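Close look at the chain arrangement
One letter stands for each residue in the lines below.
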Amino acid sequence: MNMDEVNGYMDLAVEELSMAQILFDAGKYRGSVTHSYYAMFDAAKALLLMHDFVSKKHDTILTQFSKDYVLEDDFSQDIYQYYSDAKKLRRKSSYDFTV
């Protein structure tokens, strides 16, 4: 495990969360959803790196996060559900202009 990489992904997650808040406060909800999701995605990647797991695929990261952290009782099922829901909302906000 490379702690510089772990810290780098966590720094990205914090930056994404900050951007999400700025966009939310400005009423730019689509952008806020996208940045909120990427905050979760980058944080999950950092956690998985601590288990020496690497992937760039969104579905793979979500599934492995569930296996390594939710099923092992490190995180509640609610956290997984928030992450999963955010993934769906991000896709919808990015590609569905009717939202």
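In this report, we go over the structure that sits alongside the text.

Definitions and cut-offs
Residues numbered from 1 in each chain as written. Predicted model: local features only at pLDDT ≥ 70, side-chain atom pairs only at ≥ 80, totals over all residues. Heavy atoms only, no water. Salt bridge = Lys/Arg side-chain N within 4 Å of Asp/Glu carboxyl O. Helix = DSSP H or I, 4+ residues; strand = E, 2+ residues; numbered from the N terminus. Buried < 20%, exposed > 50% of the residue type's maximum accessible area, 1.4 Å probe, protein only. Axes fitted to C-alpha atoms, helices over the stretch in contact; angles between N-to-C directions. Parallel < 35°, antiparallel > 145°, perpendicular 65-115°, else oblique. Left-handed = near helix turned anticlockwise from the far one by under 90°. Contact = heavy atoms within 4.5 Å. Nonpolar A, V, L, I, M, F, W, Y, C, P; charged D, E, K, R; others polar. Polar contact = N/O pair within 3.5 Å; in protein donor to acceptor, adjacent residues only side chain to side chain.

Scanning all chains against the criterion turns up one salt bridge. With a closest N to O distance of 2.6 Å, Asp 59 and Lys 87 form a salt bridge. Of this pair, Asp 59 sits in helix H3 (residues 58-70) while Lys 87 is found in helix H4 (residues 77-95), placing the two residues 28 residues apart along the sequence. We classify Asp 59 as partly exposed; its relative accessible area is 48%. Residue class for Lys 87 comes out buried when judged on its relative accessible area of 8%.

In contact at an axis separation of 10 Å, helix H2 (residues 29-49) and H3 are set at 55° when each is read in the N-to-C sense. The orientation of H2 relative to H3 falls into the category oblique. In this structure, H2 meets H3 at a crossing whose hand is left-handed. Contact residues: H2 offers Tyr 37, Tyr 38, Phe 41, Ala 44, Lys 45, Leu 47 and Leu 48, while H3 offers His 58, Ile 61, Gln 64, Phe 65, Asp 68 and Tyr 69. Broken down by class, the residue content of the contact of H2 with H3 amounts to nine nonpolar, two polar and two charged.

Locating Ala 43 in the fold gives a position in helix H2. Sequence spacing of Ala 43 and Tyr 83 is 40 residues, and the spatial spacing of their C-alpha atoms is 11 Å. Apart from the residues within four sequence positions on either side, Ala 43 is in contact with Met 10 and Ala 13.

Tracing the chain through its elements places Ser 55 in the loop between H2 and H3. According to the relative accessible area criterion, Ser 55 is buried, its value standing at 13%. Distance in space between the C-alpha atoms of Ser 55 and Lys 45 is 7.8 Å, their sequence separation being 10 residues. In this structure Ser 55 touches Lys 45, Thr 60 and Ile 61, once residues within four positions along its chain are discounted. Among the polar contacts listed, one links the side chain of Ser 55 to the backbone nitrogen of Lys 57, at a separation of 3.1 Å.

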